[in-house]
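Okay, here's what each chain looks like letter by letter:
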Amino acid sequence: MKLLKSLALSTAVAATLLAAPAMAQERIALVVKTLGNGFFDAAAKGAEEAAAEIGGIEVIYTGPTSATAEGQIEIVNSLIAQNVDAIAISANDPDALVPALKKAMQRGIKVLSWDSGVAAEGRQLHLNPSDTDLIGETIIKLAADYLPDGGDVAILSASSTATNQNAWIDAAKKVMPEKFPNINLVSVVYGDDDSVKSTNEAKGLIASYPDLDAIIAPTTVGVVAAAQVVTDEDLIGKINVTGLALPSEFKQFIDNGASQAVALWNPIDLGYSAVQLAHQLIEGKEAAPGATFSIGKVGEITLDDTNSAAMAAPFQFDKSNIEEFSKIY
Amino acid sequence: MTDVTPEARHIPDRLDSPLRAAILSWPALLLVVAVGLFVANSFLSPYFLSPWSLSDATFNFTEKAIIALAMALLIISGEIDLSVAAIIALASTMMGLALQFGVGTPGLVVIGILTGLFCGMFNGFLVTRLGLPSIVVTIGTMSFFRGISFIVLGDQAFKGYPPAFGFFGQGYVWWVVSFEFVLFLVCAVLFYVLLHRTNFGRHVFVIGNNPMAARFSGVRVERVKFILFCLTGLMSGIAAVLLTSRLASTRPSIALGWELEVVTMVVLGGVSILGGSGSIPGVVIAAFIMGLVTFGLGLLNVPGIVMSIFIGALLIFVIALPIVFRMIRERRA
């Protein structure tokens, strides 16, 4: 009996410490790839923001300890049992979660995926952080904003076979003649997302193109390597490094001037938008190709043929906000 | 001279009465914990006591528990198989490959189970014929089996399993009673009979207690161990069929890290990690306890990190309890 009591007691203590706050009319579960990740903690912060803005919403922020599909399925099962109103998930596997999420939908739960998607039959809609064209345009704009008279830029990519990288670079090339006519792309090199190779490629670019004004690296590894080279070779102010970077990794190069600005998806806006969308699904809005949803302060999205949509252009980090975001992710 | 007849001395053949032994036994203790958790869960979450919730909860542990049954025998015999999760990955990959060649549902099931069996035979061969320590062998095959899956699949996935195949991991036999759960109960009975009611089962205990004595008593130690590895592989193959069916897809990262959860179940079930003792009822109840804890905490939306702390604490608590009891008893005596 003592054992039973102590067990019940410890579970009860755990429950009161961790259980959700007072009951709300709508319960939206924000399921992430893994807990203890700054990116997703920031998304949860955004989700709470949206919940407070709409009112009457309880956000259940949850995820497995390790990033596995099986762990997320266990969580989805327990959310089905709790009969939550909506599940917004960043999936560890686009296919393995489909049966579990289908079951959730059969029991009347609204399901949407965000960040990392689920195959179309396993969700009602999917929210991408951004899309190829927006990213392509943003990486050129990041360099062009600080080159009012135009100039030479080079791209330091990851591997030459990386599908997403190539799509972004193609999109960038497509947008240049029209929107940035005085920017001249001199070369594209590949650092394979390896620090040493990226460093060598960056050095090579600087040696080959003495008039280079900016290096654009749409990879978090490459951008740090390039900024380090510019810092080490005393080229701060002459060559501006930009691209897609994690604020926490990149803060020092904004601070020392090797870079004016970089960009990446904003997790706070992602979590915020996911809750906005879930709320509209709960209220009965149909997710169908062509449907337009408002995502509050972030703007609005229109669903494509696969019921997915892009949230916004990558979010820009510069001297004014890098301090704040470097603490988040 | 007088005859001195020595007084007849009574030598007990067991220390406790059978009833007392049963009450103080490991499965009984676990049963109390399980019932306690069940009651606690019912009070803590209004969603717990619903037939569908409880049915959903069983899916979280049945596949692991099916492997744990065979793993229990293997650990009792003094060996271990850490490659079980990798066997699931390889068996699932083979099923996915077969699917690409248009193999139907019965063929897929046979291929999954046979792949598991072959992996088990491979482990068994390395351990019993070459005399290598099983922990080293199976750490090796753990990378080896999953490595093959990674080579075949890379970052791709096999999907498009036929709808009929979905029955094994998602289907229900009757109302809320899933096929997986029924299969687990049937396997549990079979393994109970095998371990506790047959000569083979006695051999397993003898080997675990003293392999040398077992050998001198005429027990074919190598053959028994080989069969146990095959059984573990076979059960992993069955688990692979169930899990692949439940996920309706195959990725090389499938069932990642399950070997430790299976071993945790077995140890929590009262099987000595050093071999020689343990029981199937204990393992079955331990499986339910793991399921109750994770599902119960899940219903309260306790983060996974806290959940693993809880399971770790439960494991230490349940393992330490009888030892502490014994210490108190000895001090009193």
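Residues numbered from 1 in each chain as written. Chains lettered and ligands numbered in written order. Predicted model: local features only at pLDDT ≥ 70, side-chain atom pairs only at ≥ 80, totals over all residues.

### Considerations on the overall build of chain B
So, step 1. Looking only at helices and strands, chain B has 15 helices and four strands in total.
So, step 2. Relative to the 2.2 N^0.38 estimate, which gives 20 Å for 333 residues, the radius of gyration of chain B is 22 Å and therefore close to what a compact globule would have.
So, step 3. Along the longest, intermediate and shortest principal axes, the C-alpha atoms of chain B span 95 × 55 × 35 Å.
So, step 4. Within chain B, counting contacts between residues at least 6 apart in sequence, those at least 24 apart form 78% of the total. (Helix = DSSP H or I, 4+ residues; strand = E, 2+ residues; numbered from the N terminus. Rg over C-alpha atoms; globule rule 2.2 N^0.38 Å. Contact = placed C-beta atoms within 7 Å.)

### Remarks on the nonpolar core
So, step 1. In this structure, Leu30, Ile87 and Ala88 of chain A together with Ile88 and Ile289 of chain B are the most contacted members of the largest nonpolar core, which totals 211 residues.
So, step 2. Residue assignment places this core across two domains, with domain 1 (25–130 + 267–313) and domain 2 (132–264) of chain A each supplying three or more.
So, step 3. Aside from chain neighbours lying at most four places away, what touches Ile87 of chain A is Ala29, Val31, Val76, Leu79, Ala104, Ile109 and Val111 of chain A. (Core = buried A, V, L, I, M, F, W, Y, C linked by C-beta atoms within 7 Å. Buried ≥ 20, exposed ≤ 12 C-beta atoms within 10 Å, placed from the backbone. Domains from an automatic or database assignment.)

### Some remarks on the interface of chain A and chain B
So, step 1. Contacts between the two partners involve 36 residues from chain A, matched on the other side by 36 residues from chain B.
So, step 2. Elements represented by at least two residues in the side of chain A that touches chain B include exactly helix H1 (2–18), strand S2 (57–62), helix H3 (69–81) and helix H4 (98–106) of chain A.
So, step 3. Of the residues contributing to the side of chain A that touches chain B, the split by class is 20 nonpolar, twelve polar and four charged. (Nonpolar A, V, L, I, M, F, W, Y, C, P; charged D, E, K, R; others polar.)

### Points about the sheet that holds strand S1 (residues 26–31) of chain A
Residue and element names in this part refer to chain A.
So, step 1. The six strands lie next to each other as S2-S1-S3-S4-S5-S13, forming an open sheet whose pairing is parallel. Two strands close off the open sheet at either side, each with one partner strand: S2 and strand S13 (308–310). Sheet twist, expressed as the mean angle between neighbouring strand axes with direction ignored, is 20°.
So, step 2. As defined by bridge partners, S1 adjoins S2 across six bridges and the pair is classed as parallel. Each residue of the ladder has a partner; that of Ile28, found in S2, is Val59. (Pairing = 2+ DSSP bridges. Axes fitted to C-alpha atoms, helices over the stretch in contact; angles between N-to-C directions.)

### Topic: the domain arrangement of chain A
The accessible area lost on association of the parts is a frequent measure of interface size.
So, step 1. For chain A, the assigned domains are domain 1 (25–130 + 267–313) and domain 2 (132–264).
So, step 2. Relative placement of domain 1 of chain A and domain 2 of chain A: their C-alpha centres are 33 Å apart.

### What to know about the sheet that holds strand S7 (residues 183–190) of chain A
All names here are of chain A.
So, step 1. What the four strands build is an open sheet, ordered S7-S6-S8-S9; its pairing is parallel. Two strands close off the open sheet at either side, each with one partner strand: S7 and strand S9 (240–243). Averaged over all pairs of adjacent strands, the angle between strand axes in this sheet comes to 25°, irrespective of strand direction.
So, step 2. Along the sheet, helix H6 (residues 163–179) makes contact with strand S6 (151–157) and S7, crossing S7 at roughly 165°.
So, step 3. Together, S6, strand S8 (212–217) and S9 form the strand contacts of helix H8 (residues 220–232), whose direction differs from that of S9 by roughly 175°.

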